[in-house]
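Chain residues, written in single-letter form:
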Amino acid sequence: MAKGNTKNIMIVGVGGQGTLLTSRILGGITIDAGYDVKLSEVHGMAQRGGSVVTFVRYGEEVAEPIVEEGQADVLIAFEMLEAKRYAHFLKKDGAIVVNEHRIDPITVVTGMAEYPENILEDLEKDHKVYRVNAMEEAIKLGNSRVFNIIVLGVAARHMDFSKEAWLRVIENTVPPKTVELNKQAFLLGYEGGYEK
(Lines give C-alpha, C1' and ligand atoms only; values in the text may rest on other atoms or scores of the structure.)
Protein backbone atom coordinates (compact mmCIF):
# COMPACT_ATOMS: atom_id res chain seq x y z
CA MET A 1 0.00 0.00 0.00
CA ALA A 2 1.38 3.39 -0.96
CA LYS A 3 2.32 5.85 1.76
CA GLY A 4 -0.60 7.97 2.81
CA ASN A 5 -3.06 5.56 1.23
CA THR A 6 -5.50 4.80 4.04
CA LYS A 7 -8.06 1.99 3.71
CA ASN A 8 -11.44 2.50 5.31
CA ILE A 9 -13.63 -0.39 6.41
CA MET A 10 -17.06 0.01 8.02
CA ILE A 11 -18.86 -2.70 9.92
CA VAL A 12 -22.56 -2.11 10.52
CA GLY A 13 -25.13 -4.23 12.24
CA VAL A 14 -27.44 -4.56 15.17
CA GLY A 15 -26.32 -5.01 18.77
CA GLY A 16 -25.54 -8.64 19.55
CA GLN A 17 -24.45 -9.50 15.98
CA GLY A 18 -20.73 -9.62 16.66
CA THR A 19 -19.59 -6.31 15.15
CA LEU A 20 -17.09 -5.82 17.99
CA LEU A 21 -15.45 -9.25 17.57
CA THR A 22 -15.28 -8.64 13.83
CA SER A 23 -13.60 -5.26 14.33
CA ARG A 24 -11.11 -6.86 16.75
CA ILE A 25 -10.18 -9.42 14.08
CA LEU A 26 -9.82 -6.64 11.48
CA GLY A 27 -7.73 -4.58 13.89
CA GLY A 28 -5.57 -7.61 14.61
CA ILE A 29 -4.85 -8.42 10.98
CA THR A 30 -3.94 -4.82 10.12
CA ILE A 31 -1.62 -4.51 13.14
CA ASP A 32 -0.05 -7.88 12.21
CA ALA A 33 0.69 -6.49 8.76
CA GLY A 34 2.48 -3.49 10.29
CA TYR A 35 -0.10 -0.80 9.58
CA ASP A 36 -1.12 2.09 11.78
CA VAL A 37 -4.71 1.30 12.78
CA LYS A 38 -7.56 3.30 14.28
CA LEU A 39 -10.79 1.64 15.43
CA SER A 40 -13.86 3.44 16.66
CA GLU A 41 -17.41 2.53 17.49
CA VAL A 42 -19.47 5.59 16.77
CA HIS A 43 -23.18 4.97 16.84
CA GLY A 44 -25.68 3.14 18.92
CA MET A 45 -25.22 0.83 21.81
CA ALA A 46 -23.76 -2.64 21.67
CA GLN A 47 -26.97 -4.03 23.01
CA ARG A 48 -29.48 -6.26 21.28
CA GLY A 49 -31.55 -4.29 18.82
CA GLY A 50 -29.55 -1.05 18.66
CA SER A 51 -27.68 0.01 15.52
CA VAL A 52 -23.91 -0.50 15.86
CA VAL A 53 -21.29 1.04 13.56
CA THR A 54 -17.58 0.37 13.80
CA PHE A 55 -14.89 2.01 11.68
CA VAL A 56 -11.54 0.37 11.02
CA ARG A 57 -8.99 2.62 9.28
CA TYR A 58 -5.51 1.41 8.44
CA GLY A 59 -2.53 2.70 6.49
CA GLU A 60 0.99 4.05 6.79
CA GLU A 61 -0.19 6.72 9.21
CA VAL A 62 -3.80 7.19 10.26
CA ALA A 63 -4.76 10.46 11.93
CA GLU A 64 -8.53 10.18 12.36
CA PRO A 65 -10.52 7.16 13.54
CA ILE A 66 -13.73 8.26 11.79
CA VAL A 67 -14.60 7.45 8.16
CA GLU A 68 -16.23 10.36 6.33
CA GLU A 69 -19.22 9.93 4.02
CA GLY A 70 -18.14 8.70 0.59
CA GLN A 71 -14.81 7.33 1.87
CA ALA A 72 -15.40 3.66 2.84
CA ASP A 73 -13.64 1.08 0.66
CA VAL A 74 -15.68 -1.81 2.07
CA LEU A 75 -18.97 -1.76 3.96
CA ILE A 76 -19.58 -4.98 5.88
CA ALA A 77 -23.28 -5.17 6.78
CA PHE A 78 -24.67 -7.87 9.04
CA GLU A 79 -28.26 -6.83 8.33
CA MET A 80 -29.91 -5.49 5.15
CA LEU A 81 -31.51 -2.31 6.53
CA GLU A 82 -28.19 -1.35 8.14
CA ALA A 83 -26.54 -1.71 4.69
CA LYS A 84 -29.10 0.71 3.24
CA ARG A 85 -28.74 3.11 6.19
CA TYR A 86 -24.96 3.46 5.77
CA ALA A 87 -24.44 2.95 2.00
CA HIS A 88 -23.76 6.70 1.54
CA PHE A 89 -20.44 6.20 3.35
CA LEU A 90 -19.17 4.05 0.47
CA LYS A 91 -16.70 5.27 -2.18
CA LYS A 92 -17.87 5.16 -5.79
CA ASP A 93 -15.87 1.99 -6.43
CA GLY A 94 -16.38 0.55 -2.95
CA ALA A 95 -18.00 -2.80 -2.20
CA ILE A 96 -20.84 -3.76 0.13
CA VAL A 97 -20.75 -7.24 1.60
CA VAL A 98 -24.19 -7.87 3.05
CA ASN A 99 -25.73 -10.64 5.07
CA GLU A 100 -29.17 -11.36 3.58
CA HIS A 101 -30.83 -11.17 6.97
CA ARG A 102 -33.65 -9.06 8.34
CA ILE A 103 -33.97 -7.81 11.90
CA ASP A 104 -36.94 -5.53 12.40
CA PRO A 105 -36.04 -2.30 14.23
CA ILE A 106 -38.30 -1.24 17.10
CA THR A 107 -40.20 1.19 14.82
CA VAL A 108 -41.23 -1.75 12.59
CA VAL A 109 -42.02 -4.02 15.56
CA THR A 110 -44.31 -1.36 17.06
CA GLY A 111 -46.01 -0.63 13.71
CA MET A 112 -44.68 2.93 13.42
CA ALA A 113 -42.77 2.10 10.22
CA GLU A 114 -42.55 -0.58 7.56
CA TYR A 115 -39.43 -2.55 6.70
CA PRO A 116 -38.39 -1.37 3.20
CA GLU A 117 -38.73 -3.80 0.31
CA ASN A 118 -36.10 -4.51 -2.37
CA ILE A 119 -33.23 -3.12 -0.26
CA LEU A 120 -30.53 -5.15 -1.99
CA GLU A 121 -31.88 -4.52 -5.49
CA ASP A 122 -31.89 -0.78 -4.77
CA LEU A 123 -28.32 -0.90 -3.44
CA GLU A 124 -27.18 -2.82 -6.53
CA LYS A 125 -28.25 0.10 -8.76
CA ASP A 126 -25.40 2.24 -7.38
CA HIS A 127 -22.91 -0.15 -5.72
CA LYS A 128 -21.04 -3.43 -6.05
CA VAL A 129 -23.01 -5.68 -3.72
CA TYR A 130 -21.91 -9.14 -2.59
CA ARG A 131 -24.75 -11.03 -0.90
CA VAL A 132 -24.41 -13.96 1.44
CA ASN A 133 -27.10 -15.73 3.42
CA ALA A 134 -24.64 -16.15 6.28
CA MET A 135 -27.22 -17.05 8.92
CA GLU A 136 -28.39 -20.03 6.86
CA GLU A 137 -24.77 -21.10 6.23
CA ALA A 138 -23.87 -20.73 9.93
CA ILE A 139 -26.82 -22.90 10.95
CA LYS A 140 -25.52 -25.60 8.56
CA LEU A 141 -22.19 -25.39 10.41
CA GLY A 142 -24.08 -25.99 13.63
CA ASN A 143 -23.79 -22.56 15.26
CA SER A 144 -25.74 -19.51 14.07
CA ARG A 145 -23.43 -17.17 16.05
CA VAL A 146 -20.56 -17.54 13.55
CA PHE A 147 -22.51 -15.91 10.72
CA ASN A 148 -20.45 -12.71 11.19
CA ILE A 149 -17.22 -14.63 10.48
CA ILE A 150 -18.76 -15.99 7.25
CA VAL A 151 -19.56 -12.41 6.17
CA LEU A 152 -16.01 -11.38 7.12
CA GLY A 153 -14.69 -14.21 4.94
CA VAL A 154 -16.51 -12.79 1.92
CA ALA A 155 -15.27 -9.27 2.74
CA ALA A 156 -11.67 -10.52 3.17
CA ARG A 157 -11.50 -11.15 -0.56
CA HIS A 158 -11.67 -7.35 -1.02
CA MET A 159 -8.74 -6.64 1.29
CA ASP A 160 -4.97 -6.95 1.09
CA PHE A 161 -4.25 -9.88 3.42
CA SER A 162 -3.54 -13.56 2.80
CA LYS A 163 -5.93 -16.31 3.81
CA GLU A 164 -3.23 -17.67 6.16
CA ALA A 165 -2.89 -14.29 7.91
CA TRP A 166 -6.66 -14.12 8.45
CA LEU A 167 -6.77 -17.63 9.90
CA ARG A 168 -3.86 -16.86 12.24
CA VAL A 169 -5.56 -13.73 13.58
CA ILE A 170 -8.89 -15.54 14.01
CA GLU A 171 -7.08 -18.23 15.98
CA ASN A 172 -5.55 -15.57 18.26
CA THR A 173 -8.78 -13.56 18.71
CA VAL A 174 -11.76 -15.87 19.17
CA PRO A 175 -12.34 -17.96 22.32
CA PRO A 176 -10.10 -21.09 22.22
CA LYS A 177 -13.02 -23.55 22.15
CA THR A 178 -14.43 -21.90 19.03
CA VAL A 179 -11.23 -21.63 16.94
CA GLU A 180 -11.97 -24.50 14.53
CA LEU A 181 -15.60 -23.49 14.05
CA ASN A 182 -14.63 -19.87 13.34
CA LYS A 183 -11.93 -20.96 10.87
CA GLN A 184 -14.49 -23.14 9.07
CA ALA A 185 -16.92 -20.22 8.98
CA PHE A 186 -14.28 -17.86 7.60
CA LEU A 187 -13.25 -20.30 4.86
CA LEU A 188 -16.87 -20.86 3.91
CA GLY A 189 -17.17 -17.13 3.19
CA TYR A 190 -13.70 -16.74 1.70
CA GLU A 191 -13.93 -19.70 -0.65
CA GLY A 192 -17.69 -19.75 -1.11
CA GLY A 193 -17.87 -18.11 -4.53
CA TYR A 194 -19.88 -15.05 -3.48
CA GLU A 195 -18.29 -12.95 -6.22
CA LYS A 196 -20.45 -11.39 -8.92
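Colleague: Just checking my understanding: could you explain the overall build of the chain for this structure?
Modeller: Each helix and strand counted, the chain has 8 helices and 6 strands in total. Reading the helices (α) and strands (β) of the chain from amino to carboxyl end gives β-α-β-β-β-α-β-α-α-β-α-α-α-α. What you see for the chain is a C-alpha radius of gyration of 16 Å, in line with the 16 Å of a compact globule of 196 residues. Expressed along its principal axes, the backbone C-alpha trace of the chain runs to roughly 50 × 35 × 35 Å. Here the analysis covers contacts within the chain between residues at least 6 apart in sequence; of these, 63% occur between residues at least 24 apart.

Colleague: Looking at this structure, I do not really get the packing of aromatic side chains. What am I missing?
Modeller: The relation between two aromatic rings is expressed through the spacing of the ring centres and the mutual angle of the planes. Inspection of every chain in the model, using the stated rule, returns 9 aromatic pairs. The interplanar angle of 55 degrees and the centroid separation of 5.2 Å between the aromatic rings of Tyr35 and Tyr58 together place this pair among those described as tilted. Pair noted here: Tyr35 is in the loop between α1 (19-32) and β2 (36-43) and Tyr58 is in strand β3 (residues 51-59), with a separation of 23 residues, a long-range link. Each residue in the set Tyr35, Tyr58, Phe161, Trp166, Phe186 and Tyr190 is aromatic and connected to the rest through ring pairs, giving one cluster.

Colleague: Can you walk me through the nonpolar core in this structure?
Modeller: Proteins that are soluble and globular tend to have nonpolar side chains buried together. Ranked by internal contacts, the top residues of the largest apolar core, which has 41 residues, are Leu26, Ile76, Met159 and Trp166. Among the elements that make up this core, the one with the highest residue count is helix α6 (residues 147-156) (8 residues).

Colleague: Explanation requested: the pattern of salt bridges in the structure shown.
Modeller: Opposite charge on two side chains permits pairing when their charged atoms draw close. In this structure the tally under the stated criterion is 12 salt bridges. A salt bridge links Arg85 to Glu82, with the shortest nitrogen-to-oxygen separation between them at 3.0 Å. Placement of the pair is Arg85 and Glu82 together in helix α2 (residues 80-86), with a separation of 3 residues, close to one helical turn. The class for Arg85 is partly exposed, based on a relative accessible area of 36%. Residue classification places Glu82 among the buried residues on the basis of a relative accessible area of 4%. Notably, a salt bridge pairs Glu137 with Lys140, separated by 3.5 Å at the nearest N-O pair. Residue Glu137 and its partner Lys140 are both found in helix α5 (residues 134-141); the two are separated by 3 residues, about one turn of the helix. Since its relative accessible area comes to 16%, Glu137 is described here as buried. According to the relative accessible area criterion, Lys140 is exposed, its value standing at 60%.

Colleague: Just to check I follow, could you spell out α1 for this structure?
Modeller: Every α-helix carries 3.6 residues per turn, so stepping three or four residues along brings you back to the same face. Over its 14 residues, α1 runs 20 Å from end to end, which matches the ideal 20 Å to within 8%, given 1.5 Å per residue. When α1 is considered as a whole, its buried residues turn out to be Thr19, Thr22, Ser23, Ile25, Leu26, Gly27, Gly28, Ile29 and Thr30. With its phi angle positive at about 90 degrees, Gly34 sits one or two positions after the end of α1.

Colleague: Would you mind showing me how to read the pairing of strand β1 (residues 7-14) here?
Modeller: A regular strand carries its side chains on alternate faces of the sheet. Counting buried positions over the 8 residues of β1 gives 7, a clear majority of the element. Bridge count for β1 against strand β4 (residues 72-77) is 4 bridges, and the pairing is parallel. From the neighbouring strand, Ile9 faces β4, where its bridge partner is Val74.

The rules behind the values
Residues numbered from 1 in each chain as written. Predicted model: local features only at pLDDT ≥ 70, side-chain atom pairs only at ≥ 80, totals over all residues. Heavy atoms only, no water. Helix = DSSP H or I, 4+ residues; strand = E, 2+ residues; numbered from the N terminus. Rg over C-alpha atoms; globule rule 2.2 N^0.38 Å. Contact = heavy atoms within 4.5 Å. Phe/Tyr/Trp six-rings, centres within 6.5 Å; stacked < 30°, edge-to-face > 60°. Core = buried A, V, L, I, M, F, W, Y, C linked by side-chain atoms within 4.5 Å. Buried < 20%, exposed > 50% of the residue type's maximum accessible area, 1.4 Å probe, protein only. Salt bridge = Lys/Arg side-chain N within 4 Å of Asp/Glu carboxyl O. Expected span 1.5 Å × (residues − 1). Pairing = 2+ DSSP bridges.

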